Amino acid sequence: MPESSSDPDECNATTVEAVAAPESIDRGVAAATASATASATATATATATTLDGRLLCAAESAYGVRSPYFRCGSFLRGTTAKLIRRSVNSVLVGATVDGVVVSFRGTVRSSTLDWFQNAATLLSPAKGEKFAGRVHVGFYRAVKSIWDALRDVLLEFLSSSSGGGARKPVYLTGHSKGGSLASIAAILMHFDPDLPAPERVTVFGSARVGDSAFREEYDRVVRQVTYENRLDIVPFLPPSRYIMEDMDENLTSVVDSMLWPDKRTRRRDYIWGYQPIGKRCYIDEGRKIVTEVTRELDDFRIKEFEEATFLRFDVFVEAHRSDCLGGYFQAIAPEVCMAGTGELLGHFHDASCKEHWDEINFRSNT
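Definitions and cut-offs
Residues numbered from 1 in each chain as written. Predicted model: local features only at pLDDT ≥ 70, side-chain atom pairs only at ≥ 80, totals over all residues. Heavy atoms only, no water. Disulfide = S-S within 2.5 Å. Helix = DSSP H or I, 4+ residues; strand = E, 2+ residues; numbered from the N terminus. Buried < 20%, exposed > 50% of the residue type's maximum accessible area, 1.4 Å probe, protein only. pLDDT = per-residue confidence, 0-100. Contact = heavy atoms within 4.5 Å. Core = buried A, V, L, I, M, F, W, Y, C linked by side-chain atoms within 4.5 Å. 1 Å grid on protein atoms, 1.4 Å probe; cavity = no way out; pocket = protein on both sides within 12 Å on 5 of 7 lines; lining within 4 Å. Points joined across faces, edges and corners; volume = space filled by probe spheres on them. Nonpolar A, V, L, I, M, F, W, Y, C, P; charged D, E, K, R; others polar.

1. Brief notes about the state of the cysteines
- Inspection of the entire model under this criterion finds one disulfide.
- Between the sulfur atoms of Cys324 and its disulfide partner Cys337 the distance amounts to 1.9 Å. Measuring the twist about the S-S bond at about -75 degrees, one finds the Cys324-Cys337 disulfide to be left-handed. Here Cys324 is found in the loop between helix H9 (313-320) and helix H10 (327-332), whereas its partner Cys337 is found in the loop between H10 and helix H11 (352-355), with 13 residues between them in sequence. Judged on exposure class, the residue Cys324 and its partner Cys337 are both buried.
- In this structure Cys57 is not part of a disulfide, and its nearest cysteine sulfur, from Cys72, lies 4.9 Å away.
- Taking relative accessible area as the criterion, Cys57 reaches 0% and is therefore assigned buried.
- On the basis of relative accessibility, which here comes to 0%, the residue Cys72 falls in the buried class.

2. Side note on the confidence of the model for the chain
- Averaged over every residue, the pLDDT of the chain is 77; the share at 70 or more is 71%.
- The weakest mean pLDDT in the chain belongs to strand S2 (residues 29-35) at 29; the strongest belongs to strand S9 (residues 200-204) at 98.
- Note that pLDDT drops below 50 for residues 1-13; the model gives that stretch 40 contacts with residues more than four away or on any other chain.
- The low-confidence segment residues 339-366, where pLDDT is below 50, has 66 contacts with residues more than four positions distant or belonging to other chains.

3. Focus: the nonpolar core
- Membership of the largest hydrophobic core comes to 44 residues, with the highest contact counts inside it found for Val102, Phe104, Leu150 and Leu172.
- Mapped onto this core, the elements with two or more residues apiece are strand S4 (89-95), strand S5 (100-104), helix H3 (137-162), strand S8 (170-175), helix H4 (177-190), S9 and helix H5 (212-221).
- Ranked by residue count, the leading element in this core is H3, at twelve residues.
- Within the second largest apolar cluster, 21 residues are counted, among which are Leu122, Ile233, Leu237 and Tyr270.

4. Structural notes on helix H1 (residues 51-61)
- Burial within H1 is extensive, with eleven of its eleven residues counted as buried.
- All of the buried residues along H1 are Leu51, Asp52, Gly53, Arg54, Leu55, Leu56, Cys57, Ala58, Ala59, Glu60 and Ser61.

5. Section: empty space enclosed by the protein
- One pass over the full model with this rule turns up two cavities of 30 Å³ or more.
- When its volume is computed, the largest cavity comes out at roughly 90 Å³.
- For the lining of the largest cavity, the element with the highest residue contribution is strand S10 (residues 224-229), accounting for three residues.
- In this structure, the second largest cavity occupies an estimated 30 Å³ of space.
- As for the second largest cavity, its lining consists of Leu51, Arg54, Leu55, Ala58, Gly73, Thr96, Asp98 and Val101.
- At four residues, the largest contribution of residues to the lining of the second largest cavity is made by H1.
- Counted by class, the lining of the second largest cavity contains four nonpolar, two polar and two charged residues.

Encoded structure:
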């Protein structure tokens with residue numbers, strides 16, 4: 001697939017059509033459309049120069065069509081991207097230079113960690129599904145609430161893009177909760193006989209979605225890269241038993257407050273069993289990408305949470321942000337976020353996580 005758009009104005013004619021999932025408040029197909037032309041500015045490059053950069057742009061576009069993110073995702077000129085939504089859950093689907101991109105919206109920034117704060121964080125088997133293991137109940141339900149509509153839109157995009165030839169590849173992405181939903185959707189796609197398996201899943205600051213049995217099957221059938229920024233605690237949550245044991249008393253108390261906001265419902269005997277999935281890539285303090293995430297590195301990062309953040313939520317939120325001021329863009333797609341002076345907000349780096357897919361070792365680290 002091409003690594004960048006040949007037409008600097010390729011995104012300008014793209015529109016976004018809102019689609020309501022069944023049983024939502026506005027049933028059926030909404031008539032509203034929005035031109036993407038207004039989302040382009042002179043201070044941003046026309047496109048991200050790498051696949052993962054464009055997927056990060058698409059992940060940010062799921063929060064809203066705005067400059068420079070939608071333009072830099074390289075959505076194809078003359079096509080219509082569709083926004084599917086039900087309640088707080090939404091997903092953007094569009095045709096790009098790379099294929100069909102499915103981008104799930106994360107939690108709104110005013111409540112970055114609120115989706116941990118309910119009983120739906122507990123692991124449970126997904127009854128009736130073909131994949132193994134237990135998953136996050138809340139994330140699974142969120143995907144299923146829009147799955148039928150998403151499936152229909154995907155089939156429509158794949159049918160129109162094939163033109164009698166080979167189907168375009170499908171890429172899934174998302175930031176925060178959106179990344180978690182992308183992973184659940186990827187495993188559903190894999191076992192759906194009418195849909196192709198996703199070509200690749202790339203997520204940013206994604207929370208964990210399943211236990212060790214789920215991870216074993218997921219990593220066997222889905223190609224995923226998971227980016228984790230320095231001081232972003234979300235990729236460690238919900239935790240594994242090992243993670244909880246490695247935290248000091250103060251950090252444990254902070255995490256408990258996220259997972260059990262109502263102390264009356266706290267289960268002291270509950271053993272957390274969430275595991276990371278995919279190829280993990282860590283963004284360090286210098287905005288360099290570390291491609292070998294070891295247990296020792298995880299231990300170091302946990303100590304950093306305890307010592308460098310003073311356990312302040314505002315520090316966690318800053319590390320988790322997905323726009324141009326955050327570490328994800330500064331490390332993965334700095335060319336997108338050029339200031340008016342032409343200076344970059346970040347620094348270029350070893351792009352081995354992005355460009356050399358065949359060299360990636362898909363073993364996950366606990």
